[in-house]
Amino acid sequence: MKGHMYWSVRRELWENRSIYVAPFAIAVLALFGFFTHVGKFAEHMRRIDTLAAQRQLIEVVMPYGMIASAILFIGVLVAVFYCADALNGERRDRSILFWKSMPVSDRVTVLSKAFVAIVLVPLVAIAFALVAQAVMLAVTTAVLAAKGIDPGMQWSRLPLVQMPLVMIYGVAVHALWYSPIYAWLLLVSAWARRAPLLWAALPFFAAFVVEILAFGSSHVLSLLKYRVTGAMAEAFVPNAMKTPVTDLSQLDPARFLSSPGLWLGLLFAVACLAIAIRVRRYREPN
Amino acid sequence: MTCIEARSLRKDYGTTVALDRVDLHVEEGRILGLIGPNGAGKTTLLNAILGLTSCEGDLRVLGRDPWNERDQLMRDVCFIADVAVLPRWLRVTDALDYVQGVHPRFDRARADALLAKTAIPRGTRIGKLSKGMVTQLHLALVMAIDARLLVLDEPTLGLDILFRKQFYDTLLNDYFDHNRTIVVTTHQVEEIQDVLTDVMFIDRGRIVLGSTMEEFESRYAEVMVQADNAAAARELKPLHERQVFGRSVFLFDSVARERLAELGEVRTPSLADLFVAVMGGEPRREGAR
């Protein structure tokens, strides 16, 4: 059984190279973009002492935060598209007949795909974000030194331990928070004949339109907004997002773990996965 | 030992009845050919045996309920359903690694040996292989698994005749033994006639004929009759009559060979001829190929 899970996950990585190609590409692109402006960054560092303390932190941390955000955001996109196709593609190309000829249960198959979206894609994104930040730090250090600016200007202000910890925390809470979205997409992917993304969005869009027309209210929209952005609000102290989050004191895991939004979401995710397992069993190839 | 035991299987898709109270009993060590026109219910029956589709009735395969125990059943059952269901993005070596990883009865050395006899390059993605190569690869994977039941659904569809011949030769010489059972469906009836031990005709969800090949050979006879003997032949109530080069060919069921020998040259009919005789009588939506 353990071997089945391992090989099922490996097989996902063989099929979906975008899991590591996309964050890698964005990392390279973002680094390239940053390096074309590295001179400007160096000038900021030269004058950094003249700024207010809060401003100094923002100037130093901003590029690191931006590149990490870009990579992590791509990770979420990759997970979304991955889930929408994960149980649909195998029926489209009929390879489900091969997978089902192996002694691997539908449960292991569906759970391995959920694992990829909820655990593996975020881990890969974190790895690329950390590497990109390390490259950024190394290159800026060299550039500053070459320009005769003390690299210590940057090093002394960069929260080298807290910054990655905050990032890992942020990714973890988002993975949990978004797991109902991934599970829902997996379910629709198993159910829909084609265009799973469209089918996944349709009920919510319809509910949104009907609600507006019938009641003039927009609870559905707020619910969706809450699902997309709620992890920010629930997992960090209020207003933490106004400045770069670089301090562990800005995290609020207790509140996150006690928010109903998290647990209702997880419950929904478990239900979706359970149904997806059943649907995969019943679905015959297209 | 019984390999497949099915009693009054029923399956419908809306108004279409795919299986209509099918009974099936297959002993271990048999090679059963399942023959029928398109849409006859062959694939539905195979899917039920493989646990890919649910249906009403009792079905046990190697003592298990396929629908509820598919994953355990697949340790003892292999299937090649249709052609080219191997995922196109998978590399040949990765396919080997994967099957080795998940299948307890897979013999990697044997698969490697089988592949060494082909021209399949290991590092290539399956999508880049020719159709014949994909089938060879799938066959190598399946033959390296020590399974008790092998199910083949149109395994040679779209392959040229050399590959088709080779496919069945390999299967018979290197794979089949009397502890194994093979169930195969195909349109190329004439190619598997010599391979089978049992044959079954299926039409509109029903088994219309089921027989061992020995029984088939002793029961059915075909006689080519000169025109002046045709009337006498018709009196023996042939199953079917057709014209070949101005002479009549009659197909008889359970008529003594001595009687028939008086009318002309007697021989065992081909499955294809019997198929036409049994199934060709009524008009149908889609022609039997």
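Described below are features of the structure shown in this document. (Residues numbered from 1 in each chain as written. Chains lettered and ligands numbered in written order. Predicted model: local features only at pLDDT ≥ 70, side-chain atom pairs only at ≥ 80, totals over all residues. Heavy atoms only, no water.)

## Quick word on the overall build of chain B
Selection rule: Elements are defined by DSSP. Helices are runs of H or I of four residues or more, strands are runs of E of two residues or more, and each kind is numbered from the N terminus. Within these notes, the globule rule equals 2.2 Å times the number of residues to the 0.38 power, and the radius of gyration is based on C-alpha atoms. For each residue, the accessible area found with a 1.4 Å probe, counting protein chains only, is set against the maximum for its type, and the residue is called buried under 20%, exposed over 50%, and partly exposed in between. Note on definitions: a residue-residue contact is assigned when non-hydrogen atoms from the two residues lie within 4.5 Å. Calculation of accessible area relied on Shrake-Rupley with a 1.4 Å probe; when residues are assessed, cover is drawn exclusively from the protein chains displayed.
When you go through chain B residue by residue, the secondary structure sums to 11 helices and 13 strands. For chain B, whose C-alpha radius of gyration is 21 Å, the value lies close to the compact-globule estimate of 19 Å for 289 residues. Reported as C-alpha extents along the three principal axes, the dimensions of chain B are approximately 65 × 40 × 35 Å. The buried share of chain B, taken over its 289 residues, is 51%. Within chain B, contacts between residues separated by at least 24 positions form 68% of all contacts whose residues are at least 6 apart in sequence. When the accessible area of chain B is evaluated, it comes to approximately 12800 Å², of which 48% is carbon and sulfur surface.

## Observations concerning the interface of chain B and chain A
Formally: By buried area we mean the combined loss of accessible area, with a 1.4 Å probe, across both parts when two parts are placed together. Salt bridge, as applied in this entry: a Lys or Arg side-chain nitrogen positioned within 4 Å of an Asp or Glu carboxyl oxygen. Nitrogen and oxygen atoms within 3.5 Å of one another constitute a polar contact, given that in protein one can donate a hydrogen and the other can accept it, and given that sequence-neighbouring residues count only through two side-chain atoms. Note that Gly is not counted as nonpolar here; it falls among the polar residues with everything else outside the nonpolar set of Ala, Val, Leu, Ile, Met, Phe, Trp, Tyr, Cys and Pro and the charged set of Asp, Glu, Lys and Arg.
Taken together, the contacts link 32 residues of chain B with 24 residues of chain A. Of the roughly 2700 Å² buried at the junction of chain B and chain A (both faces included), carbon and sulfur atoms supply 63%. When the area that chain B buries against chain A is broken down by residue, the three leading residues are B:R70, B:W89 and B:Y98, summing to 27%. Taken together, the connections running from chain B to chain A amount to one salt bridge. Taken together, chain B and chain A are joined by eight residue pairs in polar contact (both at pLDDT 80 or more). Mapped onto the side of chain B that touches chain A, the elements with two or more residues apiece are strand 1 (2-13), helix 2 (70-73), strand 5 (77-81), helix 3 (92-102) and helix 5 (131-143) of chain B. Top contributing element to the side of chain B that touches chain A by residue count: helix 3 of chain B, with six residues. Of the residues contributing to the side of chain B that touches chain A, the split by class is 18 nonpolar, six polar and eight charged.

## Quick look at a nonpolar patch on the surface
What counts here: Patch rule: a residue counts if its relative accessible area is over 30% and it has no salt bridge; like charges are joined within 9 Å, and nonpolar side chains (Val, Leu, Ile, Met, Phe, Trp, Tyr) within 5 Å.
Taken together, the side chains of A:W155, A:L160, A:V161, A:L165, A:I168 and A:L248 make up a nonpolar region of the molecular surface, amounting to roughly 520 Å² of accessible area. Residue placement: A:I168 occurs in helix 9 (residues 162-191).

## Observations concerning the side chain of B:R125
The test is simple: Charge assignment in this entry is limited to Lys and Arg as positive and Asp and Glu as negative, and neither His nor the chain termini are counted.
Structurally, B:R125 can be placed in the loop between helix 4 (108-116) and helix 5. No salt bridge is formed by the buried B:R125, whose closest oppositely charged neighbour, B:D94, lies at an N-O distance of 5.8 Å. Apart from residues lying up to four places away in sequence, B:R125 is in contact with A:R17, B:R88, B:W89, B:L90 and B:R91.

## Notes on the pairing of strand 10 (residues 220-225) of chain B
If a strand is regular, its side chains alternate between the two faces of the sheet. Residues and elements named next belong to chain B. Spelled out, the test is: Only strands joined by at least two bridges in the DSSP assignment are considered to pair.
Of all the six residues making up strand 10, five are buried; the element is thus mostly covered by neighbouring parts of the structure. The pairing of strand 10 with strand 12 (residues 247-253) spans six bridges and is classified as antiparallel. Bridge pairing links E222 to L251 in strand 12.

## Comments concerning the side chain of A:T109
Mapped onto the elements, A:T109 comes out in helix 7 (residues 106-146). With residues up to four places along the chain from it excluded, the contact list for A:T109 reads A:V104 and A:R280.

## Regarding the sheet that holds strand 1 of chain B
All names here are of chain B. As a reminder, the rule being used: Structural elements are reduced to axes, namely lines fitted to C-alpha atoms, with helices fitted over the stretch in contact, and the angle between N-to-C directions of any two is expressed from 0 to 180 degrees.
Pairing in this open sheet of three strands is antiparallel, and the strands run 2-1-4 from one edge to the other. Unpaired on one side and paired on the other, strand 2 (16-27) and strand 4 (56-61) mark the two borders of the sheet. Strand-to-strand twist of the sheet, defined as the mean angle between neighbouring strand axes without regard to direction, takes the value 15°. Taken together, the nine bridges between strand 1 and strand 2 define a ladder with antiparallel strand orientation. Following the sheet pairing, L9 is matched in strand 2 by V22. Against the sheet, helix 1 (residues 42-49) contacts strand 1, strand 2 and strand 4, and its axis sits at roughly 55° relative to strand 2.

## Quick word on the environment of B:H240
Topologically, B:H240 is positioned in strand 11 (residues 240-244). The residues touching B:H240, leaving out its near neighbours within four places in the chain, are B:V249, B:F250, B:L251, B:V276 and B:A277.

## Points about the pattern of salt bridges
Residue and element names in this part refer to chain A. Applying the stated criterion across every chain yields a total of 34 salt bridges over all chains. Between E43 and R46 there is a salt bridge; the shortest N-O distance is 3.3 Å. Placement of the pair is E43 and R46 together in helix 3 (residues 38-46), with a separation of three residues, close to one helical turn. According to the relative accessible area criterion, E43 is partly exposed, its value standing at 32%. A salt bridge links R280 to D106, with the nearest nitrogen and oxygen atoms 2.7 Å apart. Taken together, the residues span a long stretch of sequence, with R280 in helix 13 (residues 260-282) and D106 in helix 7 at a distance of 174 residues. For D106, a relative accessible area of 7% puts it in the buried group.

## Some thoughts on a positive patch on the surface
Counted only if it meets this: The atoms used to mark charge sites are NZ of Lys, CZ of Arg, CG of Asp and CD of Glu.
A contiguous patch of positive charge, built from A:R17, B:R88, B:R91 and B:K128, is present on the exposed surface. Examined against the element boundaries, A:R17 turns out to sit in the loop between helix 1 (2-15) and helix 2 (18-36).

## Remarks on the sheet that holds strand 5 of chain B
Residue and element names in this part refer to chain B. Spatial ordering of the open sheet is given by 5-6-7-3-8-9, a layout of six strands whose pairing is mixed. Across the chains shown, the open sheet's two edge strands, defined by having one partner strand only, are strand 5 and strand 9 (206-212). Strand-to-strand, the axes of this sheet are offset by a mean angle of 15°, without reference to chain direction. The pairing of strand 3 (residues 31-35) with strand 8 (residues 198-203) spans four bridges and is parallel. Looking at strand 8, one finds that L34 is bridged to M200. Along the sheet, helix 1 makes contact with strand 3, strand 6 (149-153), strand 7 (181-185) and strand 8, crossing strand 6 at roughly 150°. The strands touched by helix 5 within the sheet are strand 5 and strand 6, with strand 5 carrying the most contacts at an inclination of about 170°.

## Things to note about the nonpolar core
Rule in force here: To define a nonpolar core, start from buried Ala, Val, Leu, Ile, Met, Phe, Trp, Tyr and Cys residues and group those joined through side-chain atoms within 4.5 Å.
B:I4, B:L149 and B:L171 are the most contacted members of the largest nonpolar core, which totals 95 residues. Take this core: its biggest share by element is seven residues, from helix 5 of chain B. Those residues in contact with B:L171, other than ones at most four positions away along the chain, are B:L139, B:M143, B:L150, B:L152, B:F176 and B:I182. Formed by 46 residues, the second largest nonpolar core is a distinct cluster that contains A:V78, A:A117, A:A231 and A:A240.

## Digging into the pairing of strand 12 of chain B
Residue and element names in this part refer to chain B. Taken across its seven residues, strand 12 has five buried, putting it largely inside the fold. In this sheet, strand 12 lies alongside strand 11 in antiparallel orientation, the contact comprising five bridges. Across the sheet, residue E241 finds its bridge partner in strand 12, namely F250. If you look at the hairpin formed by strand 11 and strand 12, you'll find two residues sitting between the two strands, and F245 has a positive phi there, around 50°.

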